[in-house]
Amino acid sequence: MGKNAVFAVFFWRHLMKKLLGTVLASVLLSAGLFAYNPPAGGQNVLRLTEPQLIFGANSAAGGGIFTATPASIINNPALTAWEQRVTLDVAGTMLFSSNNDDDHSVGGAFEGGILIPSRWCVSTFLFQGVWTEFIDMPVGNSINFTAGFSKDITDQVSVGLTGTFGLLYGDLTDSDWTGSFGLGVFYNFGDLFFMKNLRFGVSMNNLGKVYTSSETAGIKSSLDDGEFEMADSWPGIATMRTGVAATMVSTDVMDLGLSMDFAYPAFQNFVCDLGLQLQFWDFLKVAAGWEFDVREFAEGAKNIMPSVGVSFKFTFNAKNDSYLAKNGWEQSEITVAGAWKQMYKNVNAVSAGAVMNLGMADTKAPEITLWNEE
């Protein structure tokens, strides 16, 4: 391992010790100052809209097998910085509740996003809607708009910024609004020992006003026993997320990647996300993600079933006289994906979507001519 690698490892370890020390101190200081009682699912309400968000283990480092879609800015605003192509993202999710006392047995979510690279930065715009008025997951109905901007600082480091605005409404919640910012840093270390494409990510989201509806049940409620305690706010204000991911096995046929993330909603909770992804050749991916939310689990809102998903990538050729061909996108890629997750005891999510990358990624190094041959 070279000097640069040794220095990078030392720097990252030092940085992580500082960050974890700050997080622990903040948790101790804030635990007695603020209540923590979001509705079940309130931390992940914007991650219900796309298959990759459901099975991607909420990775701030891009997942075990690196993937960046317009919706990736929900986890880390810096993930999209190296995207070279205009990308379109459309997805939808059906939510089903089997609680017999719930009149709203079906809910849903959708999203539409676009990613636009330029010489200055990569701009991303994401529109999401969520309808989940379930007793077991009473986060209400909301529409949310997020704009993100990311930039590569070096060949290995990128930064990102997001701004989110949303409106909340429904029978189980008061009308409310949210307006917040998010920050992110991404570092692609490279190869280390047996790990390939080792990556690190840190993000801080929900910096601003979050939803503070006072009419829905928080995780401290026990509706089976008739106990109701109103939720305070969600998602957790100033939520820090730290993640690491790498390819652990790489062959001509299959790559196996793992990711691990830790999140600290409002500095009063601890959430661990683990992800496993298998990619066969360059077009088929099978993935699973698992989340353990300490506070939800302790309050009986158990959400420990893994999410599972699959995606398939293929190319298509545009007609010579089509709009795509006239703009230099004669050949493009589409990735279709599906995912399933049991959210809580009585709630299941089934999601499907498609991501279109216009044109093909440029993988050829530039040619430099020092003089013209005569």
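Structure shown above.
Report on the accompanying structure. (Residues numbered from 1 in each chain as written. Predicted model: local features only at pLDDT ≥ 70, side-chain atom pairs only at ≥ 80, totals over all residues. Heavy atoms only, no water.)

Some points on the overall build of the chain
So, point 1. From N to C terminus, the chain includes 4 helices and 14 strands.
So, point 2. Within the chain, counting contacts between residues at least 6 apart in sequence, those at least 24 apart form 60% of the total.
So, point 3. Summed over all atoms, the accessible surface of the chain reaches about 18400 Å², with 63% contributed by carbon and sulfur. (Helix = DSSP H or I, 4+ residues; strand = E, 2+ residues; numbered from the N terminus. Contact = heavy atoms within 4.5 Å. Areas by Shrake-Rupley, 256 points an atom, 1.4 Å probe, with all protein chains shown as cover.)

Some details on the layout of surface pockets
Over the atoms, a rolling probe the size of a water molecule traces out where space has been left empty.
So, point 1. Taken as a whole, the largest pocket spans an internal volume of roughly 950 Å³.
So, point 2. Around the largest pocket, the lining comprises 34 residues; the ones closest to its centre are Phe 66, Thr 67, Glu 83, Arg 85 and Lys 313.
So, point 3. Of all the elements in the fold, those that place two or more residues in the lining of the largest pocket are α2 (51-55), β6 (176-192), β7 (195-209), β11 (284-293), β12 (307-317), β13 (331-344) and β14 (347-357).
So, point 4. Residue contributions to the lining of the largest pocket peak at 3 residues, all from β12.
So, point 5. Grouping the constituent residues of the lining of the largest pocket by class yields 12 nonpolar, 12 polar and 10 charged. (1 Å grid on protein atoms, 1.4 Å probe; cavity = no way out; pocket = protein on both sides within 12 Å on 5 of 7 lines; lining within 4 Å. Points joined across faces, edges and corners; volume = space filled by probe spheres on them. Nonpolar A, V, L, I, M, F, W, Y, C, P; charged D, E, K, R; others polar.)

Comments concerning the pairing of β12
So, point 1. As paired elements, β11 and β12 share 6 bridges and run antiparallel to each other. Across the sheet, residue Gly 289 finds its bridge partner in β12, namely Ser 307. (Pairing = 2+ DSSP bridges.)

Concerning the pattern of salt bridges
So, point 1. Inspection of the entire model under this criterion finds 4 salt bridges.
So, point 2. Salt-bridge contacts for Arg 85 lead to Glu 333; the nearest nitrogen and oxygen are separated by 3.1 Å. Taken together, the residues span a long stretch of sequence, with Arg 85 in the loop between α2 and β1 (87-97) and Glu 333 in strand β13 at a distance of 248 residues.
So, point 3. Under the relative-accessibility criterion, Arg 85 is labelled buried at 14%.
So, point 4. Overall, Glu 333 belongs to the buried group, its relative accessible area being 12%.
So, point 5. In this structure, Lys 209 and Asp 176 form a salt bridge, with 2.9 Å as the shortest nitrogen-oxygen distance. Of this pair, Lys 209 sits in strand β7 while Asp 176 is found in strand β6, placing the two residues 33 residues apart along the sequence.
So, point 6. According to the relative accessible area criterion, Asp 176 is buried, its value standing at 12%. (Salt bridge = Lys/Arg side-chain N within 4 Å of Asp/Glu carboxyl O. Buried < 20%, exposed > 50% of the residue type's maximum accessible area, 1.4 Å probe, protein only.)

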